[in-house]
Structures are given as C-alpha cells and as structure tokens.
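So you can see what is in the structure, the chains are spelled out below.
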Amino acid sequence: MRYSDTLIDHFRNPRNSGMMRAPDGVGEGEYAQCMDLARFYLRVRDGRVEEARFQAYGCGPTLAACSAGTEVAAGTALEALAEIEDGRIEAALGGLPPERRHAAKVVALALRAAARDAMARRAVH
Amino acid sequence: MRYSDTLIDHFRNPRNSGMMRAPDGVGEGEYAQCMDLARFYLRVRDGRVEEARFQAYGCGPTLAACSAGTEVAAGTALEALAEIEDGRIEAALGGLPPERRHAAKVVALALRAAARDAMARRAVH
Amino acid sequence: MNRRVYLDHNASTPVHPEVLQAMLPYFSERFGNPSSVHGFGREARDGMETAREQIADFLKVSKDEIVFTSGGTESDNLGIKGLAAARGSGHIITSQIEHHAVLRTVQTLEEQGFTATYLPVDGDGMVNPDDVKKALRADTILVSLMGANSEVGTLQPIREIGRITREAAVPLHVDGVQTVGKVPIDMGAFGIDLLSFSGHKIYGPKGVAGLYIRKGTKMASIQHGGEHERRRRAGTENVAGIVGLGKAVEIRGRDMAVEGARLTALRDRLWEGVRAGVAEVRLNGHPTERLPGTCNVCFHDIESESIVLGLDLKGIGVSAGSACTSGNVEPSYVLEAKGLPLDWAMGSVRCSLGRGTTAEDIEYVIESVVPLVAKLKTLSPVAGAAPAVS
Amino acid sequence: MNRRVYLDHNASTPVHPEVLQAMLPYFSERFGNPSSVHGFGREARDGMETAREQIADFLKVSKDEIVFTSGGTESDNLGIKGLAAARGSGHIITSQIEHHAVLRTVQTLEEQGFTATYLPVDGDGMVNPDDVKKALRADTILVSLMGANSEVGTLQPIREIGRITREAAVPLHVDGVQTVGKVPIDMGAFGIDLLSFSGHKIYGPKGVAGLYIRKGTKMASIQHGGEHERRRRAGTENVAGIVGLGKAVEIRGRDMAVEGARLTALRDRLWEGVRAGVAEVRLNGHPTERLPGTCNVCFHDIESESIVLGLDLKGIGVSAGSACTSGNVEPSYVLEAKGLPLDWAMGSVRCSLGRGTTAEDIEYVIESVVPLVAKLKTLSPVAGAAPAVS
Ligand SMILES: Cc1ncc(COP(=O)(O)O)c(C=O)c1O
Ligand SMILES: Cc1ncc(COP(=O)(O)O)c(C=O)c1O
C-alpha cells in the first residue's frame, strides 16, 4: 500500500472531526466487508453546506477520506452533494490504491445520505 | 563424493595396468548397473600370485580399485585370493563412499574369478 | 520520521550479520551445483551438509531426518500432503487457529476425499489435549498442530498432545515455524514425527526452511524431478540459503535462552505501558505460555489498520491481524476462534519483538501508541455516546 | 592443482557480482515481509516488484503474468500440475528428453489418471513439429517441451510447435530453464502460454525462479497457504532471491547477444581441439541449433565418470551425463533417446561454458582431456583387442 501525501496529511491531521450539536442533516455510510463506518453531520445555510463534521471507524484511508470529505462538502449545494460520486472523494485524497477504493465509496455514501437527510428535513419545515 | 588420497593416487598412477601375455589365470568381474568391467591377469609361481595386471572399464574408483587389487593380489596364495572379500579391497583403497562400494565388489569378483581360473588350469596340468 | 522501530518479527526478521557472513561465499565462489561430482559441486555440498548437521545438532536428531524446502509453507505442505499421499485416505486432526499453510492444505485434502476435524481453542488460544484424544478415530492418519501461534503467541501443549498421539500410534506434525529457535523443543519427549521450521522467522534468509521427518515415517514427495534430498524434495538446493538457515539455527541454540528472557521482560513492559495509558485494551493469547517476544493487544472500538498506519507514520512497524497472508482487513480468525467479540477483535495489533529491540524502542512505542489511540477514539462514531441518526 | 576451470554452467552458475550487489540490502536492511503494510514491508515489496518489472521487460510480457517460485523444478511442477488440476483430466504431450522436473511430473499425473505421449527426438536431439501435430488429440490439455536441452544443448523448434498448439488451442508450456537468458525467445511469435525460467542457470541465485503464465490461462495453485503472488503461489516470497533473479534477467538482456557469440566460438574451438587430439569421439546435439556454451562429446569405450574424475583432479569441472539429478552413473536417457549406442553413450561428457570462461581455459581443457582419454583407453578392456577370457 502506498498512499498519497494528501491522504497521509488528512490522516495525520483530520479536519472537522467529532460530532456536531443540532446538525441540519446526518448520514452514514458502511462498508460491511471490513466494518468501516463513516458518519457525517451537516450545517446548512441557503441550501448549501456551511460546515461538515465526521466521525468514523475504519482503516487509515477511510479516516482520511472522511476528513477530505468534509472539505469537499463545505460550500456544496445539497442537491449536488446528494449526487456526489466516489471519484470526487478519491481525487480529493490524491488517489487511492485499488484495494482501498472502499474508503472513497463509504464516504460518498455517507455524504449523499447526509445531504438527502438535510433535504428531507428542509422539506418538512 | 569424497575420495581418499590413496584412491586418488591409484587413479592418477595406476599400478600394473594393461594386459599380460600368456597369463596363468584370467578373470572378470562386472557390475551391470553402471556397466563396470574389471579384468585381472595373474602370473602364478608356487601357488602364489607373482604378478597381477588389470584392464578396466568404469568410473574412477573402479579403476583405482583395480590398481589396488593388483597390489593386494601380489604375493597372495591362490586359495586365499579365491576367497578374497570386498572389504579387503576397500581397505586397500583407504575406504569408499557408500555409493561407490561397487568398485571394491567388482574387483573382488574379478580377482576371485582369476584365482579360480588359475587353480583350474593348474588342476589340468 | 527518523526513528524506526521494527516490532513485526513474527512476520519476518532481518538476517543476522553472522548468517549473512556465512552465506556470502556460496553465491559467487562456492557456487557449484551440490549434485555435481567435481570439486565445485563438493564445496557446495559440504556447505549444505554442515547446515544439516547444525540443525540436527540443535534438534538433537539425525542428519538424515532433515529435508530442506523453500519456506515454512512448503514444509507444511510437504509434511501434511506427503504423509497423506503415502496413506491414500483417512482423517486428519488440526485446529482452527493454524496458519493458512496448514489450514488450506488440509482443506485441499478434504476436497480430495480426506476428512478433517478442526479443534477449537480456549480463550487463551490453547488446544485442549483431551479434545485431541476425543477426536482420534480408527482412520486418523495425522494430527497437525502448531507449536506456537504466530498471531497471539500462545504455546500449545505439544508434550501432552504428543503423548496421546504416540499412544495412538498416529503421526504428529508440528508447525514449528514460530517455535523452533524461540522456545525449547524436546523432539524425543514431545513425540514429534514431522516438524516444520523456517529461516526468515529466526534471522535466517527468506526462501529456505526445513522439515524434520522422523526416521521410518512413510512419506511421498510432492515436488517431482531429480533425486535431491534423498528423493524427498526434487530441485536444485538453495545452497546459500541452506547455509544461512544452518547458521541461523546454530545461533539460536547459543542465544535463545538469554534473549528469550530479555524479550519476555520487554514484552511485559510494553503491555504494562499500554495498559496504563489506554482505557479499553486487552491482551490476547496466554498470559504466560506464550512466545517471549509476542504481545498482541486489542483496542476497543477502533480499527487495527488505522493504528498500524498511525504507527507506521511514526516509523514503527507492527501488524494488524494475521499479516503473513496479504494486506487484507478481515477480522482475525484466530481471535474469532478464541471467542473474542468482533468490536474487540477488529482492533487487534500484534507487536512482535526481536533481537534488535531495545528498552528505548519499547518506550517510544508506548509514547506513540497511547496518544494515537486516544486520537482515533475521538474520531470513532462507535466509541462513547453519539446522537442517533435520524 | 591451482588452476580451476568451471565448465559446468548448465548445472549452475556463479552469481554475477552486480546481482549479489543488488541482493545485499534485502537481507538485513530491507528485510520486511512483503505482505506487511508498514514501511518495512513496502521496501521489500518494492524490490520484488522491480524484479517483476525487469523480467516482464525482458520477456516483453505484463508484470501480472510473472509468478515467482523456488526453482526451475517448482516452476515446471506448477506449470504442468497447476494447469492439469484446473482441467481435471486429459492428455499431455511431452518429449522423451525433458528434464526430470517435467518427466516425473507428467508421470505422476499419469498415475492420477491423466494420459501422456512422450515424443521421440531425432539423432540431433530435436523434436519434429509434425510429431506434435500427430500426437494432438481432442482431449489434449497441454504440450510441454523444453526450449533447450540441458544435456546436449539442442534448441527445439518452439516457434513451429507454438504455431501448431495455437492453431489447436492447446496450451504450450516451455521449460525454458536452459533457454531464457541464453538465446532469444519471442513470447508473442512463439505462442508460449507457460514458461519456466530459473535464476541459478543465468548468474542469479539458487532457490528462486519464475513461471510466466499467459493472462487468461486457467491454473490451480499447488502450494497452499497465504494469498501471495495473487493467490497463485503461497508462501513468504524469497525477496533477496527475487531481487537477484530480476537483476540477473536484466543483465542477460544486456549481455546475452555478445556473450552468445563469444561462447559459440569457444565451444567450437573446444570441439575442434578435442576432435584433433582424440581418435574415437563424437559431438552430441544439433551441430548449429544449439545453446552457445554447450559442448557435449562422447568418447568411445571409456566411461564418462572416470573422465570427470580425471579432469576434476586437474581442477576442471565438467559433468557426466545429466548432472542435475544426483551423482549416479546411468547412461543418459537423453542420449539413448537420440539413438546413440550404449558403448558411446556411456562415455559422454558435457562441457558447458559461461561468462567467466576464457580462451586459455579452453586450451587448458583440451591439453588435459586429450592425454587423459589416451591413458584411460590403455586401461580399457573393451577398447581395441584383448585376449578372450578362458
Ligand atoms: C506458524 C506459521 N506457519 C507457517 C508459516 C508460513 O511460512 P512462510 O510464509 O515463510 O512460508 C508462517 C508464517 O507466518 C507461520 O507463522
Ligand atoms: C531444462 C531444465 N529444467 C528444469 C531444471 C530444474 O531446475 P532446478 O534444479 O533448478 O529446480 C533444470 C536444471 O538442471 C533444467 O536444466
């Protein structure tokens, strides 16, 4: 396994980790084969993500992908985030070795779920 | 394969090699598995071997054993030579590796045959 | 990252300088084929036979009972398949925590019509000799058990098991890849018929190993070709590797006892240090009947691979789960067999110490692992309370 | 005996100094287990993957098609048994002059229910491609033929044979242990699906080799354990050996052509010198389609082992018959297959030259062998006239 410097930096210094009080949206992604779990909390203003935070259980790349995911999410419109693809996360990490692609997958899954959750809550208001 | 200095010396400088004219006894020994063939010629005086010569086809140890065999035979009574055992030849070579014991065997066989031949010819006289 | 600490000696070890020194002439000087009858061949053969003697001396067995192979995996394959092929059919007893080299070999034999029993282990990773006794059948042809587990280090009660197999006249194969050269093995008293051992776990080179085959044990060969190793293993011998293996074993005979005591102390200090600094942590494997250098711990609610990466970034090499197979992150079957819950088993990290490990190394590892675990815990959505997902 | 001349390069070769240099860091510095995820493991894995690339570059194939093994014998066993196991049953075509690693493997498969045809060779030791065509059956699963014969050096017409097997869609295994790195092989044009090659025949270390497996070839593994080599060969890899093999192959790519021409000239001079000095002598193998360094000659009515010993005492290493198996003196099955009468076949001596061989070496060998043969002839009871035994 060889990881990019970007990935390593996210792993060493995770951005926006920890839970968030009274989030506008929460979503999880899971990768059962290795029990990886990513959870994102979103603060939304005017239909865009103002702030994202994460908690995660998993291997190093998954933790790094979560950190990168919060940066990708920030500023993104909910509608766009609800469609975000794995490749976007992988790119934000400076690439992933093939056996660790699930890291991007689980993060994109969780971000999409969080965005949809926020959209659903907004619809209720 | 590790050979004794004695064996190597016999191989390098074979004693009493070549055929003999009008011998008093001739005998052969053969080891079919590797096609070894030893032939001894004996010159006999008063029931004892006065001179032995050999010709041989075979691996190095067999040639060396023939050379040593001529020295063992010289001075030996025909009756004793007709009973000579492999071990005697092996000892005269300073030992043989287990996979090369046939060298002593084929020589002892040939010497016994030669001795018996000489005894038979003597009986005829 | 300047400091580097290698705590993965159960995966592989650096070649001992004396071993490399012994090997060097066999690459470009005494390079003959040991099957050749000329002087170049004799030189190679002599080196190989010296190695065979060094190993026979260490194990207190006869030279003729040692066969050289290409690795622990081949030794296990040869021991088990070679015996099975000589028998043709029958029942094999092994355990759930064997190395894949044994497990997958026995599974392959099952596909070919042999039958097998996989014995369970207790919470310390130990096989119960009574279970061996109960599993024996009239058609049992082999009991194959490891001397020490690579992952948690637990030593199996081979002496007791050997007494049972001997009484039942069933051959006993011991996978000693993690055992030989680390803890004493008394071949006579243990009743071992086949013993696998390997170079690269004991400061010898990779790609060379051996199998002890007790005289009179009927075996078929599994690699076909020339008549090497008394027809028990075809193929030109890895002469330099064999010379290295012999030397490595000889050195273990000299150093094993003193080093074992030193490693046991370091290993225990490591555990104490980690336990003092981390809240939810437990030690895997038997508390005392364990390899001197092996310290396998579980951290709750964090994933071992993230710890391995975090320590890697500090220059520390440890392994997550069973590292010898490949970089995959399945929960360890060894820990599962021990009955460890998944939320613990997923956070297991194996530290395996060796002759180069110092007391400072251990302190550095403790200083590194404690804050790393704390940080990973703060990221974890499963540790502690978290808001329910709507 | 100060002078030493090694003319047994087909049995084994000294490790090239550059190869040893490349290997050295992988014993005690980059010693990690290549399966380990940490830095120590990565360093080892990188070395191994560089080697895989060097070999793939040389053969002009893809990296993924190279599997590392412990020797030519294992490569042959894996190629043949691995393919056979994936098929389950069927017919195998090989030749009478294959190495034992192939012959005994095919024989073992015959015992398991596979069928086999052993093709004859002509007086030069060559298989007739037409014979391959005729031997093909609907259930033929494999054709296994050697690229070059170790004993007499004859090169097989692999290109023509490959055309036939490809047309019939039957996989072709080539035992290239004596071929790869000695003469050019065009993997594409030759239609080879499996290719065995080995380190110690081309100035690499002993105990390491490779098998090329064309993408898409269905293979079972024959050694069971971890998931190394993409599950095709279990067992911790011999990293230093693999690094050496890669370097050795790379060097062959650089040196092969020039050295081949030099060895061909030396080999031909040797034959001329021997022929000029000895009455009853003949050359074995194909006059031109032959390995550059191989010169196998038969002396009439004397036994090859006595020549080997005589030359050994002069510091010269040559081999009698097939030296790779063990120190036995059976008449060579290769020469028998070529149809050579026994009184000639028993006197065969193989000289195999290599990169260290000089023109002076060759003169020394000629000067040594000519009087030795003369002397042995005088001892021989079968040469010339001898009195009948009464
Ligand atoms: C107990 C045990 N058996 C067998 C093996 C296989 O050894 P190798 O990978 O060297 O072939 C290992 C290696 O980790 C092991 O620990
Ligand atoms: C043509 C051929 N195939 C296979 C082998 C077997 O190689 P090894 O003995 O290195 O396993 C040899 C070795 O002499 C050979 O010449």
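None of these values were measured; they are calculated from a predicted model.

Draft legend 1. Seen up close, the interface of chain C and chain D. Listed by partner, the interface residues are 67 residues for chain C and 67 residues for chain D. Taking both partners together, chain C and chain D bury about 5200 Å²; carbon and sulfur atoms supply 54% of that area. Considering only the surface of chain C that becomes buried against chain D, Phe27(C), Lys206(C) and His224(C) emerge as the three largest contributors, covering 13% of it. The interface formed by chain C and chain D includes six salt bridges. Summed over the shared surface of chain C and chain D, the result is 32 residue pairs in polar contact (both at pLDDT 80 or more). Counting residues per element, the ones that place at least two in the side of chain C that touches chain D are strand 1 (5–6), helix 1 (17–23), helix 2 (25–28), helix 3 (39–59), helix 4 (72–87), helix 5 (100–111), helix 11 (304–312) and strand 11 (316–317) of chain C.

Draft legend 2. Representation of the site of ligand 2 in the model. Thr236(C), Thr73(D), Asp175(D), His200(D) and Lys201(D) are the nearest of the 15 residues found near ligand 2. Per-site note: the chains with residues close to ligand 2 are chains C and D. A distance of 2.6 Å is found between an oxygen atom of ligand 2 and a side-chain nitrogen or oxygen belonging to Thr73(D). Contact between ligand 2 and Lys201(D): an oxygen atom at 2.6 Å from a side-chain N or O atom of the residue. No other element matches the three residues that helix 4 (residues 72–87) of chain D contributes to the shell around ligand 2.

Draft legend 3. Layout of the sheet that holds strand 1 (residues 25–31) of chain B. Residues and elements named next belong to chain B. The strand order across the open sheet formed by three strands is 1-2-3, and the pairing between neighbours is antiparallel. Each of the sheet's edge strands pairs with one partner strand only, and the pair in question is strand 1 and strand 3 (48–57). On average, each strand axis in the sheet is tilted by 20° relative to the strand beside it, whichever way the strands run. Across the sheet, helix 5 (residues 102–124) is in contact with strand 1 and strand 2 (36–45); its angle to strand 1 comes to roughly 150°.

Draft legend 4. Structural detail: the pairing of strand 2 (residues 66–69) of chain D. Residue and element names in this part refer to chain D. Of the two faces of strand 2, the one carrying Ile66 and Phe68 and the one carrying Val67 and Thr69 are both buried. Inspection of the sheet shows strand 2 paired to strand 8 (residues 209–213) by four bridges, in the antiparallel sense. Bridge assignment links Phe68 to a residue of strand 8, and that residue is Gly210.

Draft legend 5. Structural detail: the environment of Ser67(A). Within the element layout of this structure, Ser67(A) appears in helix 2 (residues 60–73). If we ignore the near neighbours within four places in the chain, the residues touching Ser67(A) are His10(A), Asn13(A), Pro14(A), Arg15(A) and Phe54(A).

Draft legend 6. Quick peek at the packing of aromatic side chains. Inspection of the entire model under this criterion finds nine aromatic pairs over all chains. Look at Phe27(C) and Phe27(D): their rings are 6.1 Å apart centre to centre, the planes differ by 45°, and that puts the pair in the tilted class. One end of the pair, Phe27(C), is in helix 2; the other, Phe27(D), is in helix 2 (residues 25–28), on a second chain. Across this residue pair, the class does not change: Phe27(C) and Phe27(D) are buried. Here the aromatic rings of Phe40(C) and Tyr6(D) are separated by 4.8 Å at their centres, their planes lie at 65°, and the arrangement is edge-to-face. Remark: Tyr6(D) occurs in strand 1 (residues 5–6) and Phe40(C) occurs in helix 3; the pair is interchain, linking two chains. In textbook terms, an aromatic cluster arises when at least three aromatic residues are bridged by ring pairs, as seen for Tyr6(C), Phe31(D) and Phe40(D).

Draft legend 7. Region of the structure containing unusual backbone geometry. Residue and element names in this part refer to chain D. Of note in this structure, Tyr203 is not a glycine but carries a positive phi near 70°. By relative accessible area, Tyr203 is classed as buried at 6%. Backbone geometry places Asp301, a non-glycine residue, at a positive phi of 65°. As for its position among the elements, Asp301 is in the loop between strand 10 (294–299) and helix 10 (304–312). You can call Asp301 buried: its relative accessible area is 12%.

Draft legend 8. Quick look at the pattern of salt bridges. Residue and element names in this part refer to chain C. Overall, the coordinates contain 66 salt bridges over all chains when judged by the stated rule. The salt bridge partner of Arg52 is Glu229, with a shortest N-O separation of 2.8 Å. Of this pair, Arg52 sits in helix 3 while Glu229 sits in helix 9 (residues 228–231), placing them 177 residues apart in sequence. Note on accessibility: Arg52 and Glu229 belong to one class, buried. Three or more residues joined by partner-sharing salt bridges are found here, namely Glu49, Arg52, Glu53, Lys63 and Glu229.

Draft legend 9. Here's a closer look at the nonpolar core. Within the largest apolar cluster, 114 residues are counted, with the highest numbers of intra-cluster contacts made by Leu59(C), Ile192(C), Leu195(C), Leu59(D), Ile192(D) and Leu195(D). Look past the residues within four positions of Leu59(C) in its chain and what remains in contact with it is Ile66(C), Val180(C), Met187(C), Leu195(C), Phe197(C) and Tyr212(C).

Draft legend 10. Region of the structure containing the sheet that holds strand 5 (residues 140–146) of chain D. All names here are of chain D. With respect to topology, seven strands assemble into an open sheet ordered 2-8-7-6-5-3-4, the strand pairing being mixed. The open sheet terminates on both sides in strands that have one partner only, identified here as strand 2 and strand 4 (115–119). Averaged over all pairs of adjacent strands, the angle between strand axes in this sheet comes to 20°, irrespective of strand direction. When strand 6 (residues 172–175) meets strand 7 (residues 194–198), the two strands line up parallel, connected through three bridges. Counted as the bridge partner of Asp175 is Ser196 from strand 7. Lying on the sheet, helix 5 (residues 100–111) is in contact with strand 3 (91–95), strand 4, strand 5 and strand 6; it crosses strand 4 at an angle near 150°.

Draft legend 11. Local environment of the relation of the copies chain C and chain D. When chain C is fitted to chain D, the residual RMSD is 0.0 Å, and the transformation amounts to a turn of 180° plus an axial shift of 0.0 Å. The superposition of one copy onto the other is thereby described by a two-fold rotation axis. Among all C-alpha atoms of chain C, that of Ser70(C) lies closest to the rotation axis, at 3.0 Å. Mapped onto chain D, 100% of the interface residues of chain C again fall at the interface, so both copies present the same surface.

Draft legend 12. Summary view of the interface of chain A and chain C. Each partner contributes to the interface: chain A provides 29 residues, whereas chain C provides 24 residues. Around 2300 Å² of area is buried between chain A and chain C when both sides are counted, 67% of it from carbon and sulfur atoms. Seen at the junction of chain A and chain C, the total is one salt bridge. Notably, a salt bridge pairs Arg100(A) with Glu305(C), separated by 2.4 Å at the nearest N-O pair. Going through the elements one at a time, helix 1 (5–12), strand 1 (25–31), strand 2 (36–45), strand 3 (48–57), helix 2 and helix 5 (102–124) of chain A are the ones with two or more residues in the side of chain A that touches chain C.

Draft legend 13. Representation of helix 4 of chain C in the model. Residues and elements named next belong to chain C. Taking 1.5 Å of rise per residue, 16 residues should cover 22 Å, and helix 4 covers 23 Å from first to last C-alpha, within 8% of that figure. Within helix 4, 13 of the 16 residues are buried, which leaves the element mostly enclosed by the surrounding structure. In the stretch just after helix 4, Gly88 is the one whose phi turns positive, near 95°.

Draft legend 14. Region of interest: the side chain of Asp8(C). Position of Asp8(C) among the secondary structure elements: in the loop between strand 1 and helix 1. Beyond its immediate sequence surroundings of up to four residues, Asp8(C) is in contact with Gly317(C), Val318(C), Ser319(C), Arg350(C), Ser352(C), Ser36(D) and His38(D).

Rules used in this analysis
Residues numbered from 1 in each chain as written. Chains lettered and ligands numbered in written order. Predicted model: local features only at pLDDT ≥ 70, side-chain atom pairs only at ≥ 80, totals over all residues. Heavy atoms only, no water. Contact = heavy atoms within 4.5 Å. Buried area = accessible area lost by both parts, 1.4 Å probe. Salt bridge = Lys/Arg side-chain N within 4 Å of Asp/Glu carboxyl O. Polar contact = N/O pair within 3.5 Å; in protein donor to acceptor, adjacent residues only side chain to side chain. Helix = DSSP H or I, 4+ residues; strand = E, 2+ residues; numbered from the N terminus. Near = heavy atom within 4 Å. Pairing = 2+ DSSP bridges. Axes fitted to C-alpha atoms, helices over the stretch in contact; angles between N-to-C directions. Buried < 20%, exposed > 50% of the residue type's maximum accessible area, 1.4 Å probe, protein only. Phe/Tyr/Trp six-rings, centres within 6.5 Å; stacked < 30°, edge-to-face > 60°. Core = buried A, V, L, I, M, F, W, Y, C linked by side-chain atoms within 4.5 Å. Least-squares fit on C-alpha atoms with pLDDT ≥ 70 in both. Expected span 1.5 Å × (residues − 1).

Note that all results are geometric; they support no functional claim without further evidence.
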